[in-house]
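So you can see what is in the structure, the chains are spelled out below.
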Amino acid sequence: MSSESGASGTSSDDPRSDDRAAYDYQGGDVARPGLVADLQSLIDGEVRFDEYSREQYATDASIYAVTPVGVVFPTSTTDVAAVVEYCADRGIPVLPRGAGTSLAGQTVNRAVVLDFSKHMDALLEVDADARRARAQPGITLGHLNAALADDGLKFAPDPAWGDKSVLGGAIGNNSTGAHSLQYGKTDAYVEACEVVLADGTVTTFEPVPVDELDELADPDGGLEARIYAAVRDLLDDEDIADAYPDLKRNVSGYNLDWLIERAREDGVVDVPGLLAGSEGTLAVVTEAEVSLEPVPETKALALLRYDDLLDAMEDVAPILDHDPAAVEVLDDVLLDLSRDTAEFGALVDEMVPTGTGAVLLVEFYADDDAEGREKVADLLADRAPGTETLAEPTGDGVQTDAPIRAASADEAHGEDEREQFWKLRKSGLPILLGRTSDAKHVAFVEDTAVPPENLPEFVADFRAVLDEHDTYASFYAHAGPGVLHIRPLVNTKTEAGVAQMEAIADDVTDLVVEYGGSVSGEHGDGRARTQWNRKLYGDDVWETFRDLKTAFDPDWLLNPGQVVSRPDDPTDMTEHLRFDPDYEFDAGFEPELQWDDENGLQGMAELCHGCGGCRGHQDTTGGVMCPTFRAAEEESLSTRGRANSLRRAMSGELPEDEQFSEEFVTEVLDLCIGCKGCAHDCPSEVDMAKLKAELTHEHHQREGASLRDRLFANVDTLSAVGSALAPLSNLAAKVPGARTAIEKTVGIARERSLPTFRRGTFAKWFRKRGSHVPADAADRRVLLLPDTYTNYSRPEAGKAAVRVLEAAGVHVAVPASLTDSGRAAFSKGFLGKARETARTNVADLAPRVEDGWDVVVVEPSDAVMYQSDYLDLLGDTDDAAAAETVAENAYGVLEYLDTHRLDAGMEFDAPDEHLTYHGHCHQKATAKDHHAVGVLRRAGYRVDPLDSGCCGMAGSFGYEAEHYSMSRAIGEILFEQVADSEGERVVAPGASCRTQLGDRPDADAEPPHPIESVADALAE
Ligand SMILES: Cc1cc2nc3c(=O)[nH]c(=O)nc-3n(C[C@H](O)[C@H](O)[C@H](O)COP(=O)(O)OP(=O)(O)OC[C@H]3O[C@@H](n4cnc5c(N)ncnc54)[C@H](O)[C@@H]3O)c2cc1C
Ligand code: SF4
Ligand code: SF4
């Protein structure tokens, strides 16, 4: 037995504990203060009934929004029991919640929300021999599986968002994923649940032998005994099993067929299995024991292409005869959408010829690579004969007599290759979800399930329903078990759109019934599907649901209205829509930036669909989004939390003009570090950094800007002065007490080493030295722009860039005429100043670029300014075309070398060194992070590129006293990654990252820019 705790993988200290932190993750009026005081006196956890928290928990990943009574973050079962009992006594509903990634609206309610993801996320016990684990409900499946990996075990159900979603949510929704063919759903793995019942009683449910049920059941006893009595009645009901469709995946209604099957086949009453899929309506889970499966040795994949989606659907049943672990489908709507994207276009073009109607992705588990190849060969010999396969078919594989429908096929075996195939599966979704128009691809019939053999007719009829209702959708996801994700395009901001949605749902329910299916094969009932359960199962079973609910929860206080509803309070899928015909939006100001590509600022403000993708952790999700959530595990510090706050403020859910208040700025905007992680990592590309720049600008207009903000926005001028006065200017910070005085006067954290200035700037150095490659002898001419940090504080990176570029035969010039890029002003929300800088620079650079010069920058965030932010600043001005010209020819220095393979003709003699590479988040946001790694490797280094996020400095953020603790908490995540890396020395192109890394406890100096390492590797 081993036992662990604290599975979150975030830094341990709450940044709020620093006295200087001006934020408390709350804001606005506190509702029902008496209730707050009572609850707070009862529990160790935190109670938040402030406006901001309530609005942040008003939505999940669904199309619904309901402001909760308040939010509680319990720390223990005792806390949970106290809250439930208190609320039961007063008739207040309670809603248990995990990551809030549910798609049907089951995690929003007029209730006290219990958020388990913050404190109750411990892995309590692992028994590898018995293949069991015991954990609290708030642990993410990603962390659970990471902890089990060394034992070669895993929690088998694999919902796609398992790196963000939690065990309690998996139980609540009876979740499963792409490999349900192999593993089934969560119900098969919940061995025992400690729960808090509706009256606050704590008990543990585990399967009990049917013949012991009478001892436990008593219709006149306490709550638990009455529950067993109700369950006993169910077991005697012969009609229930007949009312349930014969499906591998059905999560509509209560899990009664599972209960009855377990009783009949295994002789046990499986109440934990009954809780699976009950959506928090029967009991609150506070601990769960789950069984585990071995991680497969290896996997093999086949990709089959079809001319038409219906051909692919016909092929699913015969493919299932080959016993695959997963069969996933992707139709042409999704494929064609992804062809136009920078991220997936090349991949889709390479793997799927234009005109392909659909692809099926078929995965096998295998003991070794050879077995995997044989399984694929056998499949293709049967379903796509004539395909050249890597292994010979065994000859005794399954041979179906179904007609051949696949047009062609491919296979993938190594991990990287398989990853590409799975990447294809994910390709179209971001674009589908990235629509900024009022009509969106919404989730309400998005996970219907039918027996796979009925898929062809079902899909054809579903398409006819959509045609009839004058809309369309794409069809994708888990074809193997018959679960298709279908999100029709609907505008719920209009009465007609709402009626259209309900009519489609009604017709689809008829279809589902006709084809022996279920309205939900994966995501649950929630607000979208509860009303259809009556049609799906019939009146009798619907009444049985009501009886069961009443037995568990006599006053219907646990997440009421989900799965089943009361006669006097029916759930209506058209109520509580996030965007409904009454929805109004008013940003409250005229935006400064270009928002045409986003359908205006409103399009961006409404883009977040709440999927919770920004709640991923560094160790399990990787990427950049969202560093502040990763540091503090606070919903309000995720991109979703911010997007919700902004949208709710701009649509009148918060008091008028709240978004410009000091409190809103402090709690919602200030802590966004502007890393742009979301602009890249979010499936809808929500660009919170850009929204923040707009809002901060408007705040400055209304309230004025602080001295410190103005100082940071003018950092280039200040650095010029510092450099002119160096070394005197550097001494000032060393005078005893100076740091404290600086913190008190301008709010710069006393712990931070201030940048030191060099008297000899990089620009001066270059002027004196001149170019060593004459312009007329060079194929390429580069304007190397002196960014603030390189110019005044650390010229070494600039000098190295000159050496390397010249070694590549490039003529280099360092223009004296330019000011800084405007990055600091832009980040601080001084958009007028940033625009003027952009205009000046573009006017200077564009003619030179047209004359054949390229623009190269050492500092990544400045490079991205020229490449992308200038377009936002100048996009709707007369300078737009010139900005475009500059953007197309602007590069980070390593990007420049790599893009044009300039290092190909260079000679290297690199030190025998293993480097750890931490890229800048702005480069990652623009997908330019890989360039440096390529160049360093070709120069002869071994490189460990970290899948790291933002360093936490984010320009000036980490210098600011009230943000220091947050900056450090984010930095700690990076420090751990650096410590775990095999590299001997860390390199980082970002000046801020180098400062943060230089300040880590075991660092003796700031790490170098990678261009310095490339310069060091140049052969003499
Ligand atoms: C992009 C995307 C992809 C998805 N892919 C899949 C998929 O492949 N398969 C799949 O099954 N789902 C999928 N989902 C839906 C969702 O992610 C899963 O159902 C997930 O397991 C929910 O976990 P959660 O932590 O977000 O739970 P939440 O959404 O917070 O809660 C889910 C339900 O469980 C209840 N609950 C939570 N904690 C407790 C508790 N302690 N006690 C009692 N009840 C509790 C809640 O009340 C709620 O009804 C997807 C969602 C998104 C946005
Ligand atoms: S910001 Fe993006 S990732 Fe986060 S919830 Fe919204 S859509 Fe999902
Ligand atoms: S810009 Fe960075 S910190 Fe801000 S919301 Fe996006 S990912 Fe989070």
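Per-chain numbering applies: the sequence of each chain, read as written, is numbered from 1 onward. Chain letters and ligand numbers both follow the written order, the letters beginning at A and the numbers at 1. Under the rules for a predicted model, residues below a pLDDT of 70 receive no local features and side-chain atom pairs below 80 are neither given nor counted, while totals for whole chains, interfaces and linings still include all residues. To get the side-chain values, take all heavy atoms of the structure and skip hydrogens and water.

Undergrad: Mind showing me how you'd approach the packing of aromatic side chains here?
TA: Both the distance between ring centres and the angle between the ring planes are used here to describe each pair of aromatic rings. Only rings of Phe, Tyr and Trp enter the pairing, Trp through its six-membered ring, and a pair is recorded when the two centres are within 6.5 Å. The plane angle decides the type: under 30 degrees is stacked, over 60 is edge-to-face, the rest tilted. Applying the stated criterion across every chain, the model contains 20 aromatic pairs. An angle of 80 degrees between the planes, with centres 6.0 Å apart, marks the rings of Phe458 and Tyr515 as edge-to-face. With Phe458 in helix α18 (residues 455-468) and Tyr515 in the loop between α19 (495-514) and α20 (526-529), this residue pair connects regions lying 57 residues apart in the sequence. Only protein chains enter the area calculation, which uses a 1.4 Å probe; residues under 20% of their type maximum are buried, those over 50% are exposed, and those in between are partly exposed. Assessed through its relative accessible area of 13%, Tyr515 is described here as buried. Both rings, one in Phe589 and one in Phe660, keep their centres 5.8 Å apart while their planes meet at 80 degrees; by these two values the pair is edge-to-face. Helix numbering and strand numbering both begin at the N terminus, where a helix is a DSSP run of H or I of at least 4 residues and a strand a DSSP run of E of at least 2.

Undergrad: Any chance you could explain the sheet that holds strand β6 (residues 132-135) here in plain terms?
TA: Strands are treated as partners if at least two bridges between them are detected by DSSP. Read from one edge to the other, the open sheet built from five strands follows the order β5-β6-β12-β8-β9, with strand pairing classed as antiparallel. A strand with exactly one partner marks an edge of an open sheet, and here the two such strands are β5 (123-127) and β9 (202-205). Taken over all neighbouring pairs, the strand axes of this sheet differ in orientation by 15 degrees on average, direction set aside. The pairing of strand β8 (residues 190-196) with strand β12 (residues 284-291) spans six bridges and is antiparallel. Paired with Cys193 across the two strands is Ala288, which belongs to β12. Angles shown run from 0 to 180 degrees and are taken between the N-to-C directions of axes, each axis being a line fitted to C-alpha atoms and, for helices, limited to the stretch in contact.

Undergrad: How should the pairing of strand β16 (residues 358-366) be read in this particular structure?
TA: Moving residue by residue along a regular strand, the side chains alternate between the two faces of the sheet. A large share of β16 lies buried, amounting to nine of its nine residues. Covered by surrounding structure in β16 are Ala358, Leu360, Val362, Phe364 and Ala366 together with Val359, Leu361, Glu363 and Tyr365, the residues of both alternating faces. Sheet analysis places strand β14 (residues 298-306) next to β16, joined by nine bridges and oriented antiparallel. Its bridge partner lying in β16, Leu303 is registered against Leu361. Summarising the sheet, strand β15 (residues 326-331) and β16 pair through six bridges and their orientation is antiparallel. Within β16, the residue paired with Leu330 across the bridge is Val359.

Undergrad: What am I meant to see in the nonpolar core here?
TA: Inside soluble globular proteins, nonpolar side chains tend to come together where they are buried. Membership of the largest hydrophobic core comes to 141 residues, with the highest contact counts inside it found for Leu304 and Phe444. Not counting chain neighbours up to four residues away, the residues in contact with Leu304 comprise Asp315, Ala358, Val359, Leu360, Val362, Leu379, Leu380, Arg383, Ala384, Ala406, Ser408 and Ala409. Put simply, a nonpolar core is a bunch of buried Ala, Val, Leu, Ile, Met, Phe, Trp, Tyr and Cys residues held in one set by side-chain atoms that sit within 4.5 Å of each other. Formed by 63 residues, the second largest nonpolar core is a distinct cluster that contains Ala587, Cys608, Val668 and Ala838. It only takes one pair of heavy atoms within 4.5 Å for two residues to be counted as in contact.

Undergrad: For this particular structure, what's the right way to read the site of ligand 1?
TA: Close contacts around ligand 1 come from 36 residues, with Pro96, Gly98, Thr101, Ser102 and Thr176 the closest. Note that an oxygen atom of ligand 1 is positioned 2.8 Å from one of the backbone N or O atoms of Val166. The fraction of the free accessible surface of ligand 1 (970 Å²) that becomes covered by protein chains is 96%. Where the shell around ligand 1 is concerned, the elements lending two or more residues are β3 (94-97), α5 (167-173) and β12. Broken down by element, the residue count for the shell around ligand 1 peaks at five residues, all from α5. Ten residues, namely Ala, Val, Leu, Ile, Met, Phe, Trp, Tyr, Cys and Pro, are considered nonpolar, four, namely Asp, Glu, Lys and Arg, are considered charged, and the remaining ones, Gly among them, are considered polar. Looking at the shell around ligand 1 residue by residue, the classes come out as 16 nonpolar, 17 polar and three charged. Summary of the distance rule: residues count as near a molecule or strand when at least one heavy atom falls within 4 Å of that molecule or strand. Polar contact criterion, stated in full: a pair of N or O atoms within 3.5 Å, where within protein one must be able to donate a hydrogen and the other to accept it, and residues adjacent in sequence count only if both atoms are side-chain atoms. For every accessible area listed, the method is Shrake-Rupley and the probe measures 1.4 Å; residues are considered covered only by the protein chains on display.

Undergrad: It is not clear to me how helix α44 (residues 991-998) should be interpreted in this structure. Could you clarify?
TA: The α-helix advances 3.6 residues per turn, and as a result positions three or four apart in sequence lie on the same side. In terms of residue burial, α44 counts as a mostly covered element, since eight of its eight residues are buried. Ala991, Ser992, Cys993, Arg994, Thr995, Gln996, Leu997 and Gly998 are the residues of α44 that are buried. Residues of α44 that are buried make contact with α34 (788-793), α43 (964-980) and β29 (985-987).

Undergrad: Is there a simple way to think about helix α38 (residues 860-874) in this case?
TA: Here α38 spans 20 Å end to end across 15 residues, near enough to the 21 Å set by a 1.5 Å rise per residue. Note on bend: the value at a residue is the angle between axes fitted to the seven residues ending there and to the seven starting there. When the local axis directions of α38 are compared, the greatest deviation, roughly 45 degrees, occurs at Tyr866. Within α38, 13 of the 15 residues are buried, which leaves the element mostly enclosed by the surrounding structure. Expected helix span is given by 1.5 Å per residue-to-residue step, counting one fewer step than there are residues.

Undergrad: Help me understand unusual backbone geometry in this model?
TA: Going from Met625 to Cys626, the amide bond is cis rather than trans, its omega being -10 degrees. Cis geometry is adopted by the peptide bond preceding Pro727, which originates at Ala726 and carries an omega value of 5 degrees. Along the chain, Pro727 turns up in the loop between α30 (715-725) and α31 (728-732). The backbone phi angle of Arg131 is positive, close to 55 degrees, even though this residue is not glycine. Relative to the assigned elements, Arg131 resides in the loop between β5 and β6.

Undergrad: Honestly, the side chain of Asn730 in this entry has me stumped. Any pointers?
TA: Here Asn730 is to be found in helix α31. There is a polar contact of 2.8 Å between the side chain of Asn730 and the backbone nitrogen of Phe757. Excluding residues within four positions of it along the chain, Asn730 makes contact with Pro755, Thr756 and Phe757.

Undergrad: Is there a simple way to explain the side chain of Ser981 in this structure?
TA: Structurally, the position occupied by Ser981 is in the loop between α43 and β29. Within the structure, Ser981 has its side chain in polar contact with the backbone nitrogen of Gly983 (distance 3.0 Å). Excluding anything up to four places from it in sequence, Ser981 contacts Thr916, Asp944 and Leu946.

Undergrad: Is there a simple way to explain the environment of Asn250 in this structure?
TA: With respect to the helices and strands, Asn250 occurs in the loop between α9 (239-243) and α10 (256-266). Expressed as a C-alpha distance, the spacing of Asn250 and Ser520, which sit 270 residues apart in the sequence, is 6.0 Å. Leave out the neighbours within four places in its chain, and Asn250 touches Lys185, Tyr244, Pro245, Ser518, Ser520, Gly521 and Tyr537. Within the structure, Asn250 has its side chain in polar contact with the side chain of Ser518 (distance 2.6 Å). Side-chain polar atoms of Asn250 contact the side chain of Tyr537, separated by 3.0 Å.

Undergrad: Explain a negative patch on the surface here, please?
TA: Grouping into patches uses exposed residues only, defined as over 30% relative accessible area, and leaves out salt-bridged ones; the cut-off is 9 Å for like charges and 5 Å for nonpolar side chains (Val, Leu, Ile, Met, Phe, Trp, Tyr). Here, a salt bridge means any side-chain nitrogen of Lys or Arg that lies within 4 Å of a carboxyl oxygen of Asp or Glu. Counted as positive: Lys and Arg. Counted as negative: Asp and Glu, with His and the chain ends omitted from the count. Positions of charges follow a simple convention, taking NZ of Lys, CZ of Arg, CG of Asp or CD of Glu. Taken together, Asp13, Asp619, Glu972, Glu976 and Asp980 make up a surface patch of like negative charges. With respect to the helices and strands, Asp619 occurs in the loop between α23 (600-605) and α24 (627-632).

Undergrad: Sorry if this is basic, but what is going on with the sheet that holds strand β26 (residues 890-892) here?
TA: Remark on secondary structure: sheet strands pair via backbone hydrogen bonds, oriented parallel or antiparallel. Taken in spatial order, the four strands line up as β24-β23-β25-β26 in an open sheet, and their pairing is parallel. Every interior strand has two partners, whereas the edge strands, β24 (810-813) and β26, have only one. Strand-to-strand twist across the sheet, computed as the mean angle between neighbouring axes with direction ignored, equals 35 degrees. Relative to strand β25 (residues 853-857), strand β23 (residues 780-785) runs parallel, the two being bridged by five bridges. Its bridge partner lying in β25, Val782 is registered against Asp854.

Undergrad: Any chance you could explain the confidence of the model for the protein chain here in plain terms?
TA: Regions with low pLDDT should not have their predicted coordinates read in detail. Values of pLDDT, the confidence the predictor places in each residue, fall between 0 and 100. When pLDDT is averaged along the protein chain, the result is 94, and 98% of the positions lie at 70 or above. Overall, residues 1-11 carries pLDDT values under 50, and its contacts beyond four positions in sequence, including any with other chains, amount to 33 contacts.

Undergrad: Where do I start with the environment of Gly829 in this structure?
TA: Examined against the element boundaries, Gly829 turns out to sit in the loop between α36 (823-827) and α37 (831-850). Since its relative accessible area comes to 0%, Gly829 is described here as buried. Placed 119 residues apart in sequence, Gly829 and Arg710 show a C-alpha to C-alpha distance of 10.0 Å. Apart from the residues within four sequence positions on either side, Gly829 is in contact with Ala693, Thr696, His697 and His700.

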